[in-house]
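Listed below, chain by chain, are the residues.
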Amino acid sequence: MDIKELGAKILTGDRRALARAITLVESRRDDHRAAAGELLDELAGSGREALRIGLSGTPGVGKSTFIESFGMMLTGQGLRVAVLAVDPSSARSGGSILGDKTRMDRLSRDPNAFIRPSPSQTHLGGVARRSREAVALCEAAGFDVVLIETVGVGQSETVVAEMSDLFVLLLAPAGGDELQGVKRGIMEMADLILVNKADGDLKATATRTCSDYAGALRLLRKRPQDPEGFPKALIVSAVEESGLDKAWEEMRALTDWRRENGHWQGRRAAQARYWFRQEVQQALMSQLETPAMRALMEELGDKVADGDMAPVMAAREILGRLGETPAEPD
């Protein structure tokens, strides 16, 4: 694979080249990982930036329907939209359905849109392990907005906030009260809360739910990266396509404020540092997957299970074999 040629095609917006590149960065083969690193370095100087929007919410809240309606609105304004949809993988078989593209029938046929479903595999936090690198590829390909849809696993799903400029939380009507709203975790990460399905018989319920969460947000500690009034709670209907323009207006207002007040680049720098640390940790973890280390882990695991060795001492021995200096226990 000619990396320079692939990079050049991505810069021209070639969709097939972009799809091939995402497949490359998602591969676990050592030679593919090296080629992916070379490709990302090749594209790092493109200087292109997209608005990265992370979207989370419980299963069934209407994430795919919202993304299609929201994406169609954006492409109607002349913007190019990339959607990275993460699909949950089976804990038994390891397989994924990857059906998000089928759900977004209209958007998938839009020439200004690109949809890529990816399996979560064993990665926790609602995103795939290489989602951040896929985002960088979409930026280099010239997309204006990148939507990252998480698998929808609940309140611990916060990793997407480390790869997005805006984190949007989608909720269903009657999804909780003020107490639910002040729970720590995913609520603290949200920049905008959208109560979906505000249509038909559920419109009044959605309005009450939105008011509950708006009150809960006022109880949270103010963050330095937020202007007055943020984070906000709004009602939307992906089916009727109402409230989407208001949500987009608020997203742009928050983005502009963060750019003008120095939070935009500072946040991206902090995210780059976070992913650097993650790469180091993943590389260290991969050293445990060699045949020799797996055999040692099994041997020490048997000793721990039989009560012949304390878990902390077994862990110290493993770390010693890796050449690490084990930290003293707290």
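Further up the page is the structure itself.
Quick caveat: nothing in here was measured; it's all calculated off a predicted structure. Residue indices follow the written sequence of each chain, beginning from 1 at its first position. Two thresholds apply to this predicted model, a pLDDT of at least 70 for residue-level local features and 80 or more for giving and counting side-chain atom pairs, whereas whole-chain, interface and lining totals are computed over all residues. The side-chain figures draw on all heavy atoms in the structure; neither hydrogens nor water molecules are used.

Colleague: Got a minute to help me understand the pattern of salt bridges in this structure?
Modeller: Only one rule defines a salt bridge in this text: a Lys or Arg side-chain nitrogen within 4 Å of an Asp or Glu carboxyl oxygen. In the structure shown here, the tally under the stated rule is 22 salt bridges. The partner of Glu-42 in a salt bridge is Lys-4, with the nearest N and O atoms 3.3 Å apart. Note that Glu-42 is positioned in helix H3 (residues 30-43) and Lys-4 in helix H1 (residues 3-11), a separation of 38 residues in sequence. With a relative accessible area of 37%, Glu-42 lands in the partly exposed category. Partly exposed residues are those whose accessible area sits between 20% and 50% of the maximum for their type, while under 20% is buried and over 50% is exposed, using a 1.4 Å probe and protein chains only. In this structure Lys-4 comes out as exposed when scored by relative accessible area, which is 55%. Of the charged contacts in the structure, one is a salt bridge between Arg-29 and Asp-31, with a shortest N-O distance of 2.5 Å. Since its relative accessible area comes to 47%, Arg-29 is described here as partly exposed. Because the salt bridges share partners, they merge into one network encompassing Glu-49, Arg-52, Glu-139, Asp-165, Arg-259 and Arg-268. Secondary structure elements follow DSSP: runs of H or I of four or more residues count as helices, runs of E of two or more count as strands, with numbering from the N terminus.

Colleague: How do you make sense of the environment of Leu-170 when you look at a structure like this?
Modeller: Take Leu-170: it is sitting in strand S5 (residues 166-171). Judged by its relative accessible area of 0%, Leu-170 falls in the buried class. Sequence-wise, Leu-170 and Leu-192 are 22 residues apart; in three dimensions their C-alpha atoms are separated by 8.6 Å. In this analysis, two residues are considered to be in contact whenever any of their non-hydrogen atoms come within 4.5 Å of each other. If we skip the residues at most four places from it in the chain, Leu-170 touches Ser-56, Gly-57, Thr-58, Val-61, Gly-62, Lys-63, Phe-66, Leu-194 and Asn-196.

Colleague: I would appreciate a short explanation of the packing of H1 against H3 in the present structure.
Modeller: Axes are the key here: two packed helices are described by the angle between their axes and the distance separating the axes. Think of each axis as a best-fit line through the C-alpha atoms, taken over the contacting stretch in the case of a helix, with angles from 0 to 180 degrees between the N-to-C directions. The geometry of H1 relative to H3 is characterised by a closest axis approach of 9 Å and an angle of 45° between their N-to-C directions. Taken together, H1 and H3 sit at an angle that is classed as oblique. As for how H1 packs across H3, the hand of that crossing is right-handed. Only Ala-35, Glu-38, Leu-39, Glu-42 and Leu-43 of H3 make contact with H1, whose side of the interface consists of Ile-3, Lys-4, Leu-6, Gly-7, Ile-10 and Leu-11. For classification purposes, angles smaller than 35 degrees are called roughly parallel, those larger than 145 roughly antiparallel, those between 65 and 115 roughly perpendicular, and all remaining angles oblique. Should the near helix be turned anticlockwise from the far one by less than a right angle, the crossing is termed left-handed; should it be turned clockwise, right-handed.

Colleague: Would you mind going over the pairing of strand S1 (residues 51-57) with me for this structure?
Modeller: Side-chain positions along a regular strand alternate between the two faces of the sheet. The element S1 is largely enclosed, with a buried count of seven among its seven residues. Side chains Leu-51, Ile-53, Leu-55 and Gly-57 project from S1 onto one buried face, and the interleaved Arg-52, Gly-54 and Ser-56 project onto a second face that is buried too. Only strands that DSSP links by at least two bridges are regarded as paired with each other. As judged from the five bridges shared by S1 and strand S4 (residues 145-149), these two strands associate in the parallel manner. Paired with Arg-52 across the strands is Val-146, a residue of S4. One ladder, built from five bridges, connects S1 with S5; its direction is parallel. Directly across from Leu-55, in S5, lies its bridge partner Val-168.

Colleague: What is the right way to look at the packing of aromatic side chains in this model?
Modeller: The geometry of an aromatic ring pair is captured by the separation of the ring centres together with the interplanar angle, meaning the angle of the planes. In this scheme Phe, Tyr and Trp rings, the latter by its six-membered ring, pair at centre separations within 6.5 Å, and the angle between planes marks the pair as stacked below 30 degrees, edge-to-face above 60, and tilted otherwise. As enumerated under the stated definition, the model contains four aromatic pairs in all. An angle of 10° between the planes, with centres 5.3 Å apart, marks the rings of Phe-66 and Phe-70 as stacked. Pair noted here: Phe-66 and Phe-70 are both in helix H4 (residues 63-76), with a separation of four residues, about one helical turn. We classify Phe-70 as buried; its relative accessible area is 1%. Aromatic side chains Phe-70 and Trp-248 sit 5.9 Å apart centroid to centroid with 75° between the ring planes, which places their arrangement in the edge-to-face category. You can see Phe-70 sitting in helix H4 and its partner Trp-248 sitting in helix H11 (residues 244-260), a full 178 residues away along the chain. Trp-248 matches Phe-70 in its accessibility class, with the two residues each being buried. Three or more aromatic residues joined by ring pairs form one cluster here, namely Phe-66, Phe-70 and Trp-248. Lying across the ring of Phe-230, Lys-232 places its NZ or CZ 4.8 Å from the centre. Criterion for a charge above a ring: Lys NZ or Arg CZ within 6 Å of the ring centre, and within 35 degrees of the ring normal.

Colleague: Just checking my understanding: could you explain H1 for this structure?
Modeller: The periodicity of an α-helix, 3.6 residues per turn, causes residues three or four positions apart to be oriented the same way. Every buried residue of H1 is listed here: Ile-3, Leu-6, Gly-7 and Ile-10. Taken around the axis of H1, the buried residues stretch over an arc of 100°, which confines them to a single face. Residues adjacent in sequence count toward polar contacts only when both atoms are side-chain atoms; beyond that, a polar contact is any pair of N or O atoms within 3.5 Å, and within protein one must be able to donate a hydrogen and the other to accept it. Looking at where H1 begins, the residue whose side-chain oxygen comes 3.1 Å from the main-chain nitrogen of Lys-4 is Asp-2. Positive backbone phi, approximately 85°, marks Gly-13, located one or two places after H1. Of all possible arcs, the one meant is that of the directions from the helix axis to the C-beta atoms.

Colleague: Just checking my understanding: could you explain unusual backbone geometry for this structure?
Modeller: Generally, phi is negative for residues other than glycine and the peptide bonds are trans, each holding for most cases. In the segment running from Phe-230 into Pro-231, the intervening peptide bond is cis, with an omega of -5°. Tracing the backbone shows Pro-231 in the loop between helix H10 (203-217) and strand S7 (232-235). The backbone of Glu-241 sits at a positive phi, close to 60°, despite the residue not being glycine. Among the secondary structure elements, Glu-241 is positioned in the loop between S7 and H11. Accessibility expressed as a relative area gives 42% for Glu-241, which makes it partly exposed.

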